[in-house]
Amino acid sequence: MVLSVKVLFGPAVAIFLSAIILLSCFTNLIPYLSYYTFLSSPYISTEPVPKCDIFRGEWVPDPSSPLYTNETCAYIQNHQNCLMYGRPDLEFLKWRWKPDGCDLPRFDPHKFFQVVGNKTLAFVGDSLARNHYQSLLCLLSKVALPKDLSNPEKPHDGNKIMFYEAYNFTIYTMWSPFLVRFEEIADGMFNLYLDEPGEWLPSVPRFDYLILSAANWFTRQTYFYERGQLVGGRYVALNITTNLTSNRYSHRMAFRTSLRALNGVGFRGKVIVRTVSPMSHFEGGAYDKGGDCPRKRPYWANETAPMSELERDFYNEQVEEFNEAAARGMDMVLMDPTIAMLKRPDGHPSRYGHWPDQKLTMYNDCIHWCLPGPIDAWNDMLLHILAG
């Protein structure tokens with residue numbers, strides 16, 4: 001037996017396998033023989049193991065406590081401070097995003113700082129980008145607190161600069177709900193200049209990472225301008241003949257203009273395009289007609305999380321524009337939490353983003369996300385992307 005093993009595998013392996021065979025006479029170790037023989041086989045595939053898609057999976061129960069609360073983090077905006085406003089059910093905090101076929105570790109602030117040390121990260125977008133940014137600040141607050149370097153003369157302009165001195169790491173958040181240049185011409189009515197990037201573009205040379213996102217504001221009353229001329233609009237009266245009356249058009253052109261502009265200025269950092277966050281979790285009416293998001297748990301694996309036609313169109317456009325820009329050679333990653341968040345109708349503030357006697361147009365908020373809450377998983381995904 002020893003001789004035959006030696007002939008087949010060589011002297012060193014023969015000694016090792018012979019020892020296992022002898023030992024198996026007295027123990028139940030014989031299954032290991034076939035295991036080590038397999039490891040020695042010259043027919044093991046050398047194909048690389050495919051990477052796991054962290055954006056496809058399910059929410060699984062997680063009894064551990066959130067990594068922060070409204071009492072330990074000072075960066076939670078009131079409208080998302082569900083615990084402060086007395087949300088009674090806390091089960092929405094007891095879930096973790098689990099990709100199919102692999103695991104996505106919970107956010108580790110120490111590892112994050114190791115990855116982003118001496119770098120700059122920017123969020124460009126609307127209030128969902130701010131929601132994401134504030135989640136990140138809260139998760140990092142267990143390790144370090146930043147210095148606020150924002151312009152003190154413009155405390156409410158939506159642009160913030162946070163600097164973590166010990167790590168030489170800076171976070172920018174830049175308010176640009178349409179990504180392209182815009183101006184408000186009346187309450188809730190805007191001119192969009194679809195071929196002109198927003199005011200954030202001149203700042204990009206200082207960024208190492210840029211997270212770009214937008215969607216919700218394209219449902220507002222808007223006029224479309226290109227080359228300085230009115231070419232269309234949505235939910236507005238037009239005195240021109242045009243077929244450009246869909247917010248699908250304005251949304252697509254905003255992403256196209258922004259991504260092409262980044263390529264045009266030769267941005268050398270990493271662009272992260274974050275796909276649409278759900279807008280369809282309102283039940284019983286629209287956001288301004290008494291609609292609410294009363295569900296108390298995620299959708300199960302055997303349930304279909306509904307996706308509106310508008311969300312599907314916006315999502316597809318974002319992916320298509322991302323693919324076109326990536327084909328031009330830019331360093332880009334698609335951050336795709338859409339499916340994960342469609343499954344979390346229970347994670348919104350609803351009525352717990354304000355006091356009961358406050359009169360608001362959107363009394364029940366089913367757009368933004370409680371902090372802490374499901375949106376914290378976006379930073380699990382972000383760390384996975386940056387560390388990859």
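Here the structure is a predicted model, which means the values were calculated and not measured.

**Some thoughts on the packing of helix α6 (residues 247–264) against helix α7 (residues 309–326)**
Phase 1: The interhelical angle for the contact between α6 and α7, taken along N-to-C directions, is 25°, at an axis separation of 10 Å. Taken together, the axes of α6 and α7 lie roughly parallel to each other. Where α6 crosses over α7, the handedness of that crossing is right-handed. Between α6 and α7, the contacting residues are N247, R248, H251, R252, F255, R256, L259 and R260 on the first element and E309, L310, D313, F314, E317, Q318, E320, E321, F322, E324 and A325 on the second.
Phase 2: For the contact of α6 with α7, the per-class residue count stands at six nonpolar, three polar and 10 charged.

**Some remarks on the side chain of H132**
Phase 1: Checked against the element boundaries, H132 lands in helix α5 (residues 127–140).
Phase 2: In terms of polar contacts, H132 uses its side chain to reach the side chain of N379, at 3.0 Å.
Phase 3: Look past the residues within four positions of H132 in its chain and what remains in contact with it is F123, I211, M335, I375, W378, N379 and L382.

**What about the pairing of strand β7 (residues 180–186)?**
Phase 1: By the bridge criterion, six bridges tie β7 to strand β8 (residues 189–197) in an arrangement that is antiparallel. If you follow E184 over to β8, its bridge partner there is F190.
Phase 2: Connecting β7 to the next strand, β8, in antiparallel fashion are two residues, including G188 with a positive phi near 80°.

**Side note on the pattern of salt bridges**
Phase 1: For the structure shown, the criterion picks out 20 salt bridges.
Phase 2: A salt bridge links D89 to R87; the shortest N-O distance between them is 3.0 Å.
Phase 3: Assessed through its relative accessible area of 15%, D89 is described here as buried.
Phase 4: For R87, a relative accessible area of 7% gives the class buried.
Phase 5: Shared partners join several salt bridges into a network, and the residues in it are R252, R256, E317, E320 and E321.

**Details of the nonpolar core**
Across soluble globular proteins, nonpolar side chains show a tendency to be buried alongside one another.
Phase 1: Counting 94 residues, the largest nonpolar core has F112 and L262 as the members making the most contacts within it.
Phase 2: Examining the composition of this core, we find that eight residues originate from one element, α5, more than from any other.
Phase 3: Leave out the neighbours within four places in its chain, and L262 touches W200, L201, V204, L210, L212, F267, V271 and M330.
Phase 4: Within the second largest apolar cluster, five residues are counted, among which are M189, Y193, Y225 and V236.

**Some remarks on the sheet that holds strand β9 (residues 209–212)**
Two modes of strand pairing occur in sheets, parallel and antiparallel, and in both the strands are linked by backbone hydrogen bonds.
Phase 1: In spatial order, the strands read β4-β5-β6-β3-β9-β12-β13; together these seven strands make up an open sheet with mixed pairing. Across the chains shown, the open sheet's two edge strands, defined by having one partner strand only, are β4 (147–148) and β13 (332–335).
Phase 2: Sheet topology places strand β5 (residues 160–164) next to strand β6 (residues 169–175); five bridges connect them, and they run antiparallel. Paired with M162 across the strands is I171, a residue of β6.
Phase 3: Together, β3 (120–125), β5, β6, β9, β12 (270–274) and β13 form the strand contacts of α5, whose direction differs from that of β6 by roughly 155°.
Phase 4: Across the sheet, α7 touches β12 and β13, and the angle it forms with β13 is around 165°.

**As for the environment of Y223**
Phase 1: With respect to the secondary-structure elements, Y223 resides in strand β10 (residues 221–226).
Phase 2: Apart from the residues within four sequence positions on either side, Y223 is in contact with I185, M189, F190, N191, L192, L230, G232, G233, V236, A237 and L238.
Phase 3: Looking at Y223, its side chain comes within polar contact range of the main-chain oxygen of A237, at 3.4 Å.

**Things to note about the state of the cysteines**
Phase 1: Scanning the entire structure with this criterion turns up four disulfides.
Phase 2: Each sulfur of the disulfide joining C52 and C102 lies 1.9 Å from the other. Disulfide C52-C102: torsion about the S-S bond near -70°, hence left-handed. A residue pair is termed long-range when its members are at least 10 positions apart, and C52 in the loop between α3 (31–39) and β1 (57–61) and C102 in the loop between β2 (95–99) and α4 (109–116) qualify at 50 residues.
Phase 3: Accessibility expressed as a relative area gives 27% for C52, which makes it partly exposed.
Phase 4: Covalent S-S linkage joins C82 and C370, the inter-sulfur distance amounting to 2.0 Å. Every disulfide takes its handedness from the sign of the S-S torsion; for C82 and C370 that torsion is -90°, giving left-handed. Linking C82 in the loop between β1 and β2 with C370 in the loop between α8 (338–342) and α9 (376–387), this pair joins segments that are 288 residues apart in sequence. Residue C82 shares its accessibility class with C370, and that shared class is buried.
Phase 5: Each bonded cysteine of the chain is numbered by sequence order, and under that numbering the disulfide pairs are 1-4, 2-5, 3-8, 6-7.

**What about α4?**
Phase 1: What α4 keeps buried is the set P109, F112, F113 and V116. For α4, the angular spread of buried residues about the axis comes to 95°, placing them on one side.
Phase 2: On its buried face, α4 sits against β3, α5, β5, β6, β9 and α9.
Phase 3: Near the N-terminus of α4, the side chain that reaches the backbone nitrogen of H110, with its oxygen 3.0 Å away, is that of D108.
Phase 4: N118 sits one or two residues past α4 and shows a positive phi near 65°.

**Details of the sheet that holds strand β11 (residues 229–234)**
Phase 1: With mixed pairing, four strands are arranged side by side in an open sheet as β7-β8-β10-β11. For this open sheet the edge positions go to β7 and β11, each flanked by a neighbour on one side alone. Pairs of neighbouring strands in the sheet enclose a mean axial angle of 25°, with direction left out of account.
Phase 2: Inspection of the sheet shows β10 paired to β11 by five bridges, in the antiparallel sense. Of the residues in β11, the one forming a bridge with Y223 is G233.

Conventions adopted
- Counting restarts for each chain: residues are numbered from 1 in the order of the written sequence.
- In view of the model being predicted, local features appear only for residues whose pLDDT reaches at least 70, and side-chain atom pairs are presented and counted only at 80 or more, with totals across whole chains, interfaces and linings using the full set of residues.
- Side-chain metrics in this entry use all non-hydrogen atoms of the structure; hydrogen atoms and water are not considered.
- Every axis in this analysis is a line fitted to C-alpha atoms, fitted for helices over the stretch in contact. Angles between the N-to-C directions lie between 0 and 180 degrees.
- Numbered from the N terminus, helices here are DSSP runs of H or I no shorter than four residues, and strands are runs of E no shorter than two.
- Roughly parallel here means an angle under 35 degrees, roughly antiparallel means over 145, roughly perpendicular means 65 to 115, and every remaining angle is called oblique.
- For any helix crossing, the convention is left-handed if the near helix is rotated counterclockwise from the far helix by under a right angle, and right-handed if that rotation is clockwise.
- We call two residues in contact whenever any of their non-hydrogen atoms come within 4.5 Å of each other.
- For this scheme, ten residues count as nonpolar: Ala, Val, Leu, Ile, Met, Phe, Trp, Tyr, Cys and Pro. Four count as charged, namely Asp, Glu, Lys and Arg, and the remainder, Gly too, count as polar.
- Each polar contact in these results corresponds to two N or O atoms within 3.5 Å; when the atoms are within protein, one needs to be able to donate a hydrogen and the other to accept it, and residues that are neighboring in sequence are counted only if both atoms are side-chain atoms.
- In short, DSSP must find at least two bridges between two strands for them to pair.
- Note on definitions: salt bridges are taken to be side-chain nitrogens of Lys or Arg within 4 Å of carboxyl oxygens of Asp or Glu.
- Three labels apply to residues, based on accessible area from a 1.4 Å probe with only protein chains included: buried if under 20% of the type maximum, exposed if over 50%, partly exposed otherwise in between.
- By convention a nonpolar core is built from buried Ala, Val, Leu, Ile, Met, Phe, Trp, Tyr and Cys residues, the set being connected through side-chain atoms within 4.5 Å.
- Throughout, a disulfide means two cysteine sulfur atoms within 2.5 Å of one another.
- Taking the helix axis as origin, the arc is that swept by the directions to the C-beta atoms.

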